[in-house]
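# Overview (structure and organization)
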Amino acid sequence: MKKFNWKTERTQTLISFLQEKRHYLSLGAGELSNSKIRRLVISGSVHVNGKCCRIPAYTLLPGSSVEVRIDSEKLFYEKQPDDIQFELTDDDVLFEDEWLIIVNKPAFFPVEKTIVQDRNNLHQTVIDFLYKRNPELRNPPYVGMMHRLDKETSGAILFTKTREINGAMHDLFEGHKVTKQYRAVAFNKGKREIPNTFSVEGYMNRISPKSSACKMGMVKDTADGLFSHTDFSVAKTEGEYVHLDCILQTGRTHQIRVHLSSYGLPLVGDELYGGPKGFAQNNYRIMLHSRSLEFIHPKTGKTIRAESPLPPLF
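Residues numbered from 1 in each chain as written. Predicted model: local features only at pLDDT ≥ 70, side-chain atom pairs only at ≥ 80, totals over all residues. Heavy atoms only, no water.

## So, the overall build of the chain
- The number of helices and strands found in the chain is 7 helices and 17 strands.
- By residue count, 48% of the 314 residues in the chain fall in the buried class.
- Long-range pairs, those at least 24 residues apart, make up 64% of the contacts in the chain between residues at least 6 apart in sequence.
- Counting every atom, the chain has about 15,700 Å² of accessible surface; 47% of that belongs to carbon and sulfur. (Helix = DSSP H or I, 4+ residues; strand = E, 2+ residues; numbered from the N terminus. Buried < 20%, exposed > 50% of the residue type's maximum accessible area, 1.4 Å probe, protein only. Contact = heavy atoms within 4.5 Å. Areas by Shrake-Rupley, 256 points an atom, 1.4 Å probe, with all protein chains shown as cover.)

Structural data, given as structure tokens:
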């Protein structure tokens, strides 16, 4: 883990400040793309005045302290894409108002740009969708990312439509005030007895070697990783397959996948964490779906609950 610390000299956005520092952030690995710099912010690797900041457009004032923490193996690793083609329609919008849009993401579709050129992604697809609906706009509309889903994970994901609400939504996610519920299908080898409800908690960190796909795992304590907690309840069982509702109490990379694997219930299709590759009619995706997002709207004060229909086999 490499750390950088700077003090700002003028008012500017966080992303523009980091772009000016790309020579240092590249760690000698060549030109660091804007999408990689953006990923650093979205992933929680940047702290402003001692507080994690995931908003690329955040305004820095003169004298602000900026700290960047880089895991070089995770930042520079890129898997070759095997994405689907997808175009957002009105049927894919789960909730929308003047500030927010929540959409239904398909599996096998990345959320944001990567180093692979011309790779389609959900963020750009949402921008295109809103632009086509408002052709009178001179420039593409603003769309902000507050959180991510793995490429193979389907379901509800939220974007902002105005910078005005970014700070409030960032605080909701950081304060764990957005309830994120997932549906998972796990493999219960031998059909061992499991309770109807259970929780998994502990510290997590990356355990994979350099220049390989990111693999997380449970580690000993806070000195080795970050605390994680997921609550599970059994929705139904089908032989050795168990369908689980999962509520994240923290948001770590691959959290549900790691927690279920450590409990002896690896996700179907998740070979990285010990799961069998097939389910039912030879479906080979990782069986994880973002079922709903629920929170108090920071502008209207209303409870927003956006639900994504369960795909086949869930």
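## Comments concerning the confidence of the model for the chain
- Looking at the chain as a whole, the pLDDT averages 87, with 89% of positions reaching at least 70.
- By mean pLDDT, the top-scoring element of the chain is strand β7 (residues 93-96) (98), and the lowest-scoring one is helix α4 (residues 72-76) (55). (pLDDT = per-residue confidence, 0-100.)

## Points about unusual backbone geometry
- For His176, which is not a glycine, the phi torsion comes out positive at approximately 55°.
- In this structure, His254 takes a positive phi of about 60° despite not being glycine.
- Relative to the helices and strands, His254 resides in the loop between β15 (241-248) and α7 (255-262).

## Some thoughts on the nonpolar core
- The biggest cluster of nonpolar side chains holds 35 residues, and the ones touching the most others in it are Val126, Phe159 and Leu260.
- Breaking this core down by element, the ones donating at least two residues are β8 (100-105), α5 (122-133), β10 (154-160), β11 (179-187), β12 (197-206), β15 and α7.
- Tallying contributions element by element places α5 first for this core, with 5 residues.
- In this view, Phe159 contacts Leu100, Ile101, Val103, Val111, Leu122, His123, Val126, Val143, Gly144 and Met145; residues no more than four positions away in its chain are not counted. (Core = buried A, V, L, I, M, F, W, Y, C linked by side-chain atoms within 4.5 Å.)

## Section: the pairing of β8
- Of all 6 residues in β8, 6 are buried, a share of seventy percent or more.
- What you see with β8 is no split at all: Leu100, Ile102 and Asn104 on one side and Ile101, Val103 and Lys105 on the other are buried throughout.
- Strand direction decides the pairing type here: β7 and β8, joined by 3 bridges, are antiparallel. Among the inter-strand pairings, Phe95 is bridged to a residue of β8, identified as Ile102.
- The antiparallel pairing of β7 with β8 creates a hairpin that spans 3 residues between the two strands. (Pairing = 2+ DSSP bridges.)

## Section: the pairing of β11
- In terms of burial, β11 is largely enclosed, as 8 of its 9 residues are buried.
- Looking at chain direction, β11 and strand β16 (residues 288-296) are connected through 6 bridges and run antiparallel. Bridge pairing in β16 links Ala184 to Leu288.
- Taken together, the 8 bridges between β11 and β15 define a ladder with antiparallel strand orientation. Bridging from a neighbouring strand, Val185 pairs with His243 of β15.

## What about the packing of aromatic side chains?
- A full pass over the atoms with the stated rule returns 8 aromatic pairs.
- Pairing Phe86 with Phe109 gives two aromatic rings, centres 5.4 Å apart and planes at 70°, and the pair type is edge-to-face. Taken as a pair, Phe86 in the loop between α4 and β7 and Phe109 in the loop between β8 and α5 lie far apart in primary sequence, 23 residues in all.
- Here Phe86 falls in the buried class, since its relative accessible area comes to 16%.
- Overall, the relative accessible area of 0% leaves Phe109 in the buried class.
- Judged by centre distance (4.2 Å) and plane angle (5°), the ring pair of Phe198 and Tyr263 falls under stacked. Placement of Phe198 in strand β12 and of Tyr263 in the loop between α7 and β16 is noted, with a sequence separation of 65 residues between them.
- Chaining the aromatic ring pairs together yields one cluster made of Phe4, Trp6, Phe17 and Tyr24.
- Directly above the aromatic system of Phe4 lies the positively charged group of Lys2, at a separation of 5.8 Å from the ring centroid. (Phe/Tyr/Trp six-rings, centres within 6.5 Å; stacked < 30°, edge-to-face > 60°. Lys NZ or Arg CZ within 6 Å of the ring centre and 35° of its normal.)

## Remarks on the side chain of Arg285
- If you trace the backbone, Arg285 turns up in the loop between α7 and β16.
- In this structure Arg285 is buried but unpaired, with Glu152 as the nearest side chain of opposite charge at 6.6 Å.
- A polar atom in the side chain of Arg285 sits 2.8 Å from the backbone oxygen of Leu288.
- Excluding residues within four positions of it along the chain, Arg285 makes contact with Ala107, Phe108, Glu152, Thr153, Ser154, Val268, Gly269, Pro311 and Phe314. (Lys, Arg positive; Asp, Glu negative; His and termini not counted. Salt bridge = Lys/Arg side-chain N within 4 Å of Asp/Glu carboxyl O. Polar contact = N/O pair within 3.5 Å; in protein donor to acceptor, adjacent residues only side chain to side chain.)

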